[in-house]
Amino acid sequence: SGHYGRGKDCFYSVFEYEIHETITKNRLFKPGETIAIGASGGKDSTVLAHIMKLLNDRYDYGLNLVLLSIDEGISGYRDDSLETVKRNQIQYSLPLKILSYQELYGWTMDAIVKEIGMKNNCTFCGVFRRQALDRGAAMLKCDKIVTGHNADDIAETVIMNILRGDIARLGRCTSISTGSEGMISRCKPFKYTYEKEIVMYAHFKKLDYFTTECIYSPNAYRGHARTFLKDLEKIRPRAILDIITSGEDMAIKEEVRMPIQSTCQNCGYIASSELCKACIMLDGLNRGRPELSIGKNNKKRKKSRP
């Protein structure tokens, strides 16, 4: 942002105002809404909780804020980070709801990794986590969910979707607010905020956050996109925002077939086929055939299903 040299107070002021401007320009919230803050205990979600509380009070948004945490069941990682979230609850005087994979799906990530190994574990976790956040927000009767996805995260997602040829996700991954009919919408107030700005803010404000990386993510596909993006940023500092702009401006040909949205016949969650991805994966785990729920193999699974 070019303001760092003017002192910490100026940096705080600009950082906070830019996020306020993002929220107001995009009309992310309405007075009286209940907003679930996706809280993991990491730097992004901790800064998000701090900023949402601060701006809600300063600019009188009139929002009811709650912290929503998902316990994936990862020993030595999530149990420790949730202790940070519990401290944040006290520090920001916000209600906290913790929802676990165990109670939702009957599985923990430790048990899933034991079953499937380290190859596709992030795929399982991502699918289950997205649905868990929606279920938790519904339980709390929230109007919207806010997440700490920053500009770096969104640029990484654009790159990943291009490399995977995932046109459907590419078309919506740069949206600041996403939500299907009947589903709770998600907002990203940090869409234009660099990761390094968030790190600096958390550091100088001495915010209480958890720094350890997930023990199951060293081989995650996103890590390769992140390394590529950091290399690009060294050459061209604006690369992150340029990639987001490119993602926003990409047009999809009319003849390209897009997935048709429907609801899962099993759980009622959003789906692009008979069953949602979470139910397909859960069925594979429960039948001892988790490999059939990944990628194209799930089509074979449907044919062989008794």
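All of these numbers come straight from a predicted model, not from anything done at the bench.

Calculation rules
Residues numbered from 1 in each chain as written. Predicted model: local features only at pLDDT ≥ 70, side-chain atom pairs only at ≥ 80, totals over all residues. Heavy atoms only, no water. Axes fitted to C-alpha atoms, helices over the stretch in contact; angles between N-to-C directions. Helix = DSSP H or I, 4+ residues; strand = E, 2+ residues; numbered from the N terminus. Parallel < 35°, antiparallel > 145°, perpendicular 65-115°, else oblique. Left-handed = near helix turned anticlockwise from the far one by under 90°. Contact = heavy atoms within 4.5 Å. Nonpolar A, V, L, I, M, F, W, Y, C, P; charged D, E, K, R; others polar. Disulfide = S-S within 2.5 Å. Buried < 20%, exposed > 50% of the residue type's maximum accessible area, 1.4 Å probe, protein only. pLDDT = per-residue confidence, 0-100. Pairing = 2+ DSSP bridges.

In this section: the packing of helix 6 (residues 121-139) against helix 12 (residues 277-286). Remark: helix 6 packs on helix 12, axes separated minimally by 9 Å, with the N-to-C direction vectors making an angle of 130°. For the element pair helix 6 / helix 12, the angle class is oblique. Considering the relative orientation of helix 6 and helix 12, their crossing is left-handed. Here helix 6 contributes Thr-123, Phe-124, Val-127, Phe-128 and Gln-131 to the contact with helix 12, which in turn contributes Lys-277, Ala-278, Met-281, Leu-282 and Leu-285. Grouping the constituent residues of the contact of helix 6 with helix 12 by class yields seven nonpolar, two polar and one charged.

Let us look at the state of the cysteines. Simply put, the disulfide is a covalent bond whose two ends are the sulfur atoms of two cysteines. On inspection of all chains with the given rule, the structure shows zero disulfides. Note on Cys-267: no disulfide assigned, nearest cysteine sulfur contributed by Cys-276 at a separation of 3.7 Å. The class of Cys-276 is buried, set by a relative accessible area of 1%.

Overall, the prediction assigns the protein chain a mean pLDDT of 90, with 92% of residues at 70 or greater. Predicted confidence for residues 296-306 stays below pLDDT 50, and this span has 17 contacts to residues more than four positions away or in other chains.

It is worth spelling out the sheet that holds strand 2 (residues 64-71) at this point. Adjacent strands of a sheet form backbone hydrogen bonds with each other and so pair up, either parallel or antiparallel. Spatially, 3-2-1-4-6-5 is the arrangement adopted by the six strands of the open sheet, whose pairing is mixed. Lying at the two open borders of the sheet, with one neighbouring strand each, are strand 3 (96-100) and strand 5 (177-178). Bridging between strand 1 (residues 34-38) and strand 2 involves five bridges; their strand directions are parallel. Its bridge partner being in strand 2, Ile-37 is matched across the sheet by Leu-67. Relative to strand 2, helix 3 (residues 78-92) is tilted by about 165°, and along the sheet it contacts strand 2 and strand 3. In this fold helix 6 packs onto strand 1, strand 2, strand 3, strand 4 (144-146) and strand 6 (185-187), with an angle of close to 140° to the strand it touches most, strand 2.

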